[in-house]
Amino acid sequence: MGSKNGKPMLREEDITQLAKTSGLDRKQALPKKDVSKMEKHVFRVYDTNLDGFIDFVEFMVVYYVMADGSPEEVLLKIFRIFDMNSDGVISKKELTRLVKDMYGMIKSESPEMESKEIVAKSAFAEMDKDTDGKITTEEFISAC
């Protein structure tokens, strides 16, 4: 575990090391899934100040929201997975990238699934209600 200003912090490499030493590897936790591309997206949910570390407060806020938060609070945290550059909106490029990365986790289960591009395009069109090329948090919550 890393340290910043004397406070313990989790870095991306710490998460990987914790997974290795937990007694369960990725294959046991999520059999037949390629989760490597999703790790950075999930890390971003916790690292709210984007400093490359997860401090205790950041961890506990996400833990609390996911465990006891309202549906809207949970969706706001999930929104951060999609908002890769943290500009407050989801672009078509961001959604397409995430759909592509998620396919690594689900492709083996459903080989007949529609193409990544079709899924991303239709999901984006459904959520982008004002057709401005961006999905806001309000549009995301409304669509979910």
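What this report covers is the structure whose coordinates are included nearby. Every chain begins its residue count from 1, and numbering advances along the sequence as written. Predicted model: local features are reported for residues with pLDDT of at least 70 only, side-chain atom pairs are reported and counted for 80 or more only, and whole-chain, interface and lining totals are derived from all residues. The basis for the side-chain values is all heavy atoms of the structure; hydrogens and waters are excluded.

**Observations regarding the overall build of the chain**
Helices and strands together make up the secondary structure of the chain, namely eight helices and four strands. By definition, any uninterrupted DSSP run of H or I lasting at least four residues is a helix, any uninterrupted run of E lasting at least two residues is a strand, and each is numbered from the N terminus. Ordered by position from the N terminus, the helices and strands of the chain form the series β-β-α-α-α-α-α-β-α-α-β-α. Whether a residue is buried, partly exposed or exposed follows from its accessible area with a 1.4 Å probe, protein chains only, as a fraction of its type maximum: under 20%, in between, or over 50%, in that order. Across the 144 residues that make up the chain, the buried fraction comes to 27%. Nonlocal contacts in the chain, meaning residues at least 24 apart in sequence, comprise 51% of its contacts between residues at least 6 apart. Residue exposure ignores everything except the shown protein chains as possible cover, and the areas themselves are Shrake-Rupley values with a 1.4 Å probe. Carbon and sulfur atoms make up 58% of the accessible area of the chain, which totals about 9,400 Å². Residues count as neighbours in contact if any of their non-hydrogen atoms are within 4.5 Å of one another.

**Section: a nonpolar patch on the surface**
By definition, no residue in a patch forms a salt bridge, and every one has over 30% relative accessible area; like charges are joined within 9 Å, nonpolar side chains (Val, Leu, Ile, Met, Phe, Trp, Tyr) within 5 Å. Note on definitions: salt bridges are taken to be side-chain nitrogens of Lys or Arg within 4 Å of carboxyl oxygens of Asp or Glu. A surface patch of nonpolar side chains, amounting to about 590 Å² of accessible area, comprises Phe56, Val57, Phe59, Met60, Val61 and Tyr63. Relative to the elements of secondary structure, valine 61 occurs in helix 4 (residues 56–68). On the basis of relative accessibility, which here comes to 40%, the residue valine 61 falls in the partly exposed class.

**Details of helix 7 (residues 116–127)**
By this rule the span expected of a helix is its residue count minus one, scaled by 1.5 Å. Between its first and last C-alpha atoms helix 7 spans 16 Å; for twelve residues at 1.5 Å apiece the expected length is 16 Å, and the two agree. The set of residues buried in helix 7 consists of Ala120, Phe124 and Met127. Seen along its axis, helix 7 keeps its buried residues to an arc of 70°; they face one direction. The exposed residues of helix 7 that point more than 90 degrees off its buried face are Lys121, Ala125 and Glu126. This arc is taken over the directions from the axis of the helix to the C-beta atoms.

**What about the pattern of salt bridges?**
Inspection of the entire model under this criterion finds one salt bridge. The partner of arginine 97 in a salt bridge is aspartate 101, and the shortest N-O contact between them spans 3.4 Å. You can see arginine 97 and its partner aspartate 101 sitting in helix 6 (residues 92–106), four residues apart, about one turn around the helix. Look at arginine 97 and you get partly exposed, because its relative accessible area is 45%. A relative accessible area of 5% means that aspartate 101 is categorised as buried.

**Here we look at unusual backbone geometry**
For leucine 50, which is not a glycine, the phi torsion comes out positive at approximately 55°. Structurally, the position occupied by leucine 50 is in the loop between helix 3 (36–46) and helix 4. Of note, threonine 131 is a non-glycine position whose phi angle comes to about 45°, a positive value. Here threonine 131 lies in the loop between helix 7 and strand 4 (134–136). Look at threonine 131 and you get exposed, because its relative accessible area is 67%.

**Considerations on the environment of methionine 102**
Relative to the helices and strands, methionine 102 resides in helix 6. The spatial distance from the C-alpha of methionine 102 to the C-alpha of methionine 38 is 6.8 Å, given a sequence separation of 64 residues.

**With respect to the environment of cysteine 144**
Within the element layout of this structure, cysteine 144 appears in the segment after helix 8 (137–143). Residues cysteine 144 and glutamate 72, 72 residues apart in the sequence, show an inter-C-alpha distance of 9.5 Å.

**A closer look at the environment of valine 65**
Assignment of secondary structure puts valine 65 in helix 4. Residue class for valine 65 comes out buried when judged on its relative accessible area of 9%. Separated by twelve residues in sequence, valine 65 and lysine 77 have C-alpha atoms that sit 8.0 Å apart. Not counting chain neighbours up to four residues away, the residues in contact with valine 65 comprise Glu73, Val74 and Lys77.

In short, geometric facts, not functional conclusions.
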